[in-house]
Amino acid sequence: MMGAHIEGLTGSIADTPVVHGVDMSIGQGERVGLVGSSGSGKTMIAKTIMGLLPRQAVVEGSVHLGERQIVGASDEDMADIRGRLVSLVPQNPTTSLNPVERVGRQVARPLREHTDLGPDRRRDRVLRVLRSVGLDDSIATRYPHELSGGQCQRVCIATAMVASPRLIVADEPTTALDSLAQREILDLLTGLVEVSGSSLLLITHDFAVLSRSVSRAYVLEQGRVVEAAPIRDLIERPSSPMGRRLSAAASALTLHSPASGCVAVPSDDGVVNSSDDGGMVPSRGPVGSGCGGAASGCEACGDGAVRHGSRDNGSRDSGSRDSGSRGVRMEEGASVGSEPLVRMSHLAVSRGRGRHRRTILTDVDLSVLPGRTLAIIGSSGSGKTTMVRAMLGLEPDVDGAVSYRGLAVRGPDSPGFRALRRESALMSQNPFASLDPWWTVERSVGEPLRIAGWHDGEDIRRRVDWALSSVGLDASLVAGRYPVDLSGGQAQRVALARAMVTGPRLIVADEPMSALDVVSRMQVVEACESIRRARPDMAMVIVSHDLGVVRRMADDVVALRRGTIVERAPVGDIIASARSPYVRALVDAATM
């Protein structure tokens, strides 16, 4: 019987142990999940199955695909196995596709390698599989750069399925996608696997993805399987400490349907909390249900607990975020008389020339208020990042007006642009790309201070220590490290410390948590909440497709579609009762 069976898998890379004695099985036609925090060994297991380990890797144990042994197989054997018996759906499709080769030729590669089909029959098979993943025939003649992220991921799925392999390994296939694209890709992938009778190993840190895609899952911690259970048991009744950490963090950062109920997952000592040392966080219960975070009868959300979507900072009424008018300006929650930090009026952005010119943003009116967190949501290509770039004065071709504290932001020499650069900070999506790999954490976090004119080394060190402690990091442990020595969550918190070290009035975060596992996301969310408590007048703008994070962090939400604002409201209204069908679809797709 075809399936995957892993026994006693132990592996290291460059003498660093990565996985230890892993036992797993995937039956024929079965959909199985593999979940764990960053660095737990998930990707090494996937690469072992695919025979794609680096040369410095040493592996012991066995991995059988049916009767074929993967561990120790020659390159010739693996060339016969890959694409025919097992295929990979990668995490980042844009870097996995050849940029100078047309899509159709790339999808056809497994057919050229493993079948005797002629050119015409290969072309027919390619077009048929592209249609099966929801793409039209014209996609076959395009290049990857002409496709959206969701289209590229569909191409990767088509490539994985075209030769009808018996096992599909999907490594974080929806990490960079918005909730609608995630739902579409998952439904597509599981549907194709079910129709073909193939097996699926889904590697992810997203419990919402697991809940709708697999029947059971394995939990990895530091390279060891610490739990194996049906997916419903893993979500509701995890038995291992790591399973409880992952489940609790996921519950706190996931939208729940009314039928799911409120679930509080305790730590080993019975305390429901959140910390770096393994503590738990409470579920925020069903969103849009009768609970709403304010029902005293709910164990997880009753009196004394942190309310749904609120920051327990004591500085503002938590209900202000979920009530009030859906006013166009969304200024109900700001203090009386607050003037916007940033104001965008009739903003429009276009790119290209002549017949290739296209509109990115259309007639955007928006205000960012002190002491508020504004979330910008929307599907891929809706204009979110362009809006942020325009807000920061980084878009060269802009119609309309952008102002900061009443000063016009018009080019690098304008007073508004200079003030904005002094008093704002940006957090990027990938912290490892934004931190210099040759600089220590202390030097990277202190760089904005040196640019701002700080000269005394001791003053800079004290300020860096304060910034690191503000985001929950021990300066004595991390200040001397390099980015390569940090986990994903630590690196993103270092990026946050760097952003706020100068005491900015505005922090802009563009997809700051999309590549992090749920435990690391929770750490970054709590770091942001700590900073907001310490700086109640500071504003934040968050671009995100993760509506669970948006619900937790934001006060107000703006939804973009095709460059146009289709809805704006307090976050509670967006989650519970969005008016736009498009926004309701986003919320429904993100709900577990």
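Going by the structure above, here's the rest.
Rules used in this analysis
- The numbering scheme is per chain: residues are counted from 1 as the chain's sequence reads.
- Where totals are concerned, whole chains, interfaces and linings use all residues; where local detail is concerned, this predicted model gives features only for residues with pLDDT of at least 70, and gives and counts side-chain atom pairs only at 80 or more.
- Hydrogens and waters are ignored; side-chain quantities use all the structure's heavy atoms.
- Axis definition: a line fit to C-alpha positions, over the contact stretch in the case of helices; interaxial angles, taken between N-to-C directions, run 0 to 180 degrees.
- Helical segments are the DSSP runs of H or I of at least four residues, strand segments are the runs of E of at least two, and each set is numbered from the N terminus.
- Orientation is classified from the angle alone, with under 35 degrees giving roughly parallel, over 145 giving roughly antiparallel, 65 to 115 giving roughly perpendicular, and any other angle giving oblique.
- Left-handed is the label given to a crossing in which the near helix is rotated counterclockwise from the far helix by less than a right angle, and right-handed is the label when the rotation is clockwise.
- In what follows, residue pairs with any heavy atoms lying within 4.5 Å of each other are defined as contacts.
- Ten residue types, Ala, Val, Leu, Ile, Met, Phe, Trp, Tyr, Cys and Pro, are classed as nonpolar, four, Asp, Glu, Lys and Arg, as charged, and the remainder, Gly among them, as polar.
- Following DSSP output, two strands are said to pair if at least two bridges run between them.
- Whether a residue is buried, partly exposed or exposed follows from its accessible area with a 1.4 Å probe, protein chains only, as a fraction of its type maximum: under 20%, in between, or over 50%, in that order.
- Cavities and pockets were defined on a 1 Å grid built over protein atoms only: a cavity is a set of grid points that admits a 1.4 Å probe from which the probe cannot escape, a pocket is an open set flanked by protein on both sides within 12 Å along at least five of seven lines, and lining residues are those with an atom within 4 Å of any such point.
- Grid points are joined across faces, edges and corners, and a volume is the space filled by probe spheres set on the points.
- By convention in these notes, a salt bridge is any Lys or Arg side-chain nitrogen within 4 Å of a carboxyl oxygen on Asp or Glu.
- We call a set of buried residues a nonpolar core when its members are Ala, Val, Leu, Ile, Met, Phe, Trp, Tyr or Cys and they connect through side-chain atoms within 4.5 Å of each other.
- Polar contact is the term for a pair of N or O atoms within 3.5 Å; when the atoms are in protein, one must be able to donate a hydrogen and the other to accept it, and sequence-neighboring residues count only if both atoms are side-chain atoms.
- Within this analysis, the arc is defined by the directions that extend from the helix axis to the C-beta atoms.

Visitor: I keep staring at the packing of helix H14 (residues 441–451) against helix H17 (residues 488–500) and nothing clicks. Help me out?
Guide: When two helices pack together, you describe them by how their axes are tilted relative to each other and by the distance separating the axes. Two numbers describe how H14 lies on H17: the axes approach to 7 Å, and their chain directions differ by 30°. Judged on the interaxial angle alone, H17 and H14 are roughly parallel. Once H14 is placed against H17, the crossing between them reads as right-handed. On H17, the residues that touch Val441, Ser444, Val445, Glu447 and Pro448 of H14 are Val494, Ala497 and Arg498. Its residues placed into classes, the contact of H14 with H17 shows five nonpolar, one polar and two charged.

Visitor: Is there a simple way to explain the sheet that holds strand S19 (residues 556–561) in this structure?
Guide: One open sheet holds the six strands; their spatial order is S16-S17-S18-S13-S19-S20, and the pairing between them is mixed. Two strands bound the open sheet, and with one partner strand each, they are strand S16 (424–427) and strand S20 (564–570). Ignoring which end each strand starts from, the neighbouring axes of this sheet average 15° apart. Of the strand pairs in this sheet, S16 and strand S17 (residues 506–510) are connected by four bridges, and their pairing is parallel. Bridging from a neighbouring strand, Met427 pairs with Ala509 of S17. Across the face of the sheet, H17 comes into contact with S16 and S17 while running at roughly 170° to S16.

Visitor: Explain the pairing of strand S14 (residues 398–404) here, please?
Guide: Consecutive residues of a regular strand have side chains that alternate between opposite faces of the sheet. Here six bridges tie strand S11 (residues 342–351) to S14, and the two strands are oriented antiparallel to one another. Within S14, the position partnered with Met344 by the bridge is Val402. Taken together, the two bridges between S14 and strand S15 (residues 407–408) define a ladder with antiparallel strand orientation. Considered in S15, the bridge of Tyr404 is made with Leu407. The antiparallel hairpin formed by S14 and S15 contains two residues in its connecting segment, where Arg405 sits at a positive phi of about 50°.

Visitor: Please explain unusual backbone geometry as it appears in this structure.
Guide: Where the residue is not glycine, phi is negative for most of them; where a peptide bond is considered, it is trans in most cases. The backbone phi angle of Glu172 is positive, close to 50°, even though this residue is not glycine. At His346, a residue that is not glycine, the phi angle is positive and equals roughly 50°. Residue class for His346 comes out exposed when judged on its relative accessible area of 51%.

Visitor: I keep staring at the layout of surface pockets and nothing clicks. Help me out?
Guide: Gaps between atoms show up when a probe of the same size as a water molecule is rolled over them. There is about 690 Å³ of room inside the second largest pocket. Forming the boundary of the second largest pocket are 17 residues, of which Arg421, Ser424, Ala425, Leu426 and Pro448 lie nearest the centre. Breaking the lining of the second largest pocket down by element, the ones donating at least two residues are helix H12 (415–423), S16, H14 and H17. Per-element accounting of the lining of the second largest pocket gives the leading share, four residues, to S16. Looking at the lining of the second largest pocket, its residues break down into ten nonpolar, four polar and three charged.

Visitor: I keep staring at the pairing of strand S10 (residues 224–230) and nothing clicks. Help me out?
Guide: In the sheet, strand S9 (residues 216–221) pairs with S10 via six bridges, with the strands oriented antiparallel. Across the sheet, Glu221 pairs through a bridge with Arg224, a residue of S10. Counted along the chain from S9 to the antiparallel partner S10, the turn is two residues long, and its residue Gln222 has a positive phi close to 50°.

Visitor: Honestly, the sheet that holds strand S6 (residues 86–89) in this entry has me stumped. Any pointers?
Guide: The strands making up a sheet associate through backbone hydrogen bonding, with each pair oriented either parallel or antiparallel. Spatially, the six strands line up as an open sheet ordered S6-S7-S8-S3-S9-S10, and their pairing is mixed. Taken across any chain shown, the strands that pair with only one partner, and hence form the sheet edges, are S6 and S10. Along the sheet, successive strands turn relative to each other by an average axial angle of 20°, direction set aside. Summarising the sheet, S6 and strand S7 (residues 167–171) pair through four bridges and their orientation is parallel. Each residue of the ladder has a partner; that of Val89, found in S7, is Ala170. The strands touched by helix H6 (residues 149–161) within the sheet are S6 and S7, with S6 carrying the most contacts at an inclination of about 175°. Across the face of the sheet, helix H10 (residues 241–252) comes into contact with strand S3 (31–36), S9 and S10 while running at roughly 110° to S9.

Visitor: Looking at this model, I keep getting lost on the pattern of salt bridges. Mind explaining?
Guide: Across all of its chains, the model carries 24 salt bridges by this definition. Note that Glu30 and Arg216 form a salt bridge whose closest N and O atoms lie 2.5 Å from each other. Placement of the pair is Glu30 in the loop between strand S2 (16–26) and S3 and Arg216 in strand S9, with a sequence separation of 186 residues. The residue Glu101 makes a salt bridge to Arg105 at a minimum N-O spacing of 3.1 Å. It is possible to trace a salt-bridge network through shared partners that takes in Glu458, Asp459, Arg461, Arg462 and Asp465.

Visitor: Would you mind showing me how to read the packing of helix H4 (residues 103–114) against H6 here?
Guide: The contact between H4 and H6 brings their axes to 7 Å, and the two run at 30°. Comparing the axis directions of H4 and H6 gives the class roughly parallel. On H6, the residues touching Val103, Gln106, Val107 and Pro110 of H4 are Val155, Ala158 and Thr159.

Visitor: How should the nonpolar core be read in this particular structure?
Guide: Within soluble globular proteins, side chains that are nonpolar generally end up buried alongside one another. Within the largest apolar cluster, 93 residues are counted, with the highest numbers of intra-cluster contacts made by Val107, Ile157, Val445 and Leu468. Sequence-distant contacts of Ile157, that is, excluding residues within four places in its chain, are made with Val89, Val133, Ile185, Leu188, Leu189 and Leu192. Ranked by size, the runner-up nonpolar core spans 32 residues in total, among them Leu341, Val368, Ala390 and Val398.

Visitor: So what exactly am I meant to see when it comes to H4 here?
Guide: Residues three or four positions apart in an α-helix share a direction because the helix packs 3.6 residues into each turn. Taken together, the buried positions of H4 are occupied by Val103, Gly104, Gln106, Val107, Ala108, Pro110 and Leu111. Elements in contact with the buried residues of H4: helix H5 (119–132) and H6.

Visitor: How should the environment of Pro396 be read in this particular structure?
Guide: Within the secondary structure, Pro396 is located in the loop between helix H11 (384–391) and S14. The spacing of Pro396 and Ser350 is 46 residues in sequence and 9.7 Å in space, taken between C-alpha atoms.

Visitor: Before we go on, may I ask you to explain the environment of Glu511 in this structure?
Guide: Assignment of secondary structure puts Glu511 in the loop between S17 and helix H18 (518–534). Along the primary structure Glu511 and Gln429 are separated by 82 residues, whereas in three dimensions their C-alpha atoms are 4.9 Å apart. Other than its neighbours up to four places away in sequence, Glu511 contacts Lys384, Gln429, Val543, Ser544 and His545. Side chain to side chain, Glu511 and His545 meet in a polar contact 3.3 Å long.

Visitor: How should H12 be read in this particular structure?
Guide: Listed in full, the buried residues belonging to H12 are Gly416, Phe417, Ala419, Leu420 and Glu423. Taken around the axis of H12, the buried residues stretch over an arc of 165°, which confines them to a single face. Exposed positions of H12 whose direction lies more than 90 degrees from the buried face are Arg421 and Arg422. Considering only its buried residues, H12 is in contact with H11, S14, S15, S16 and S17.

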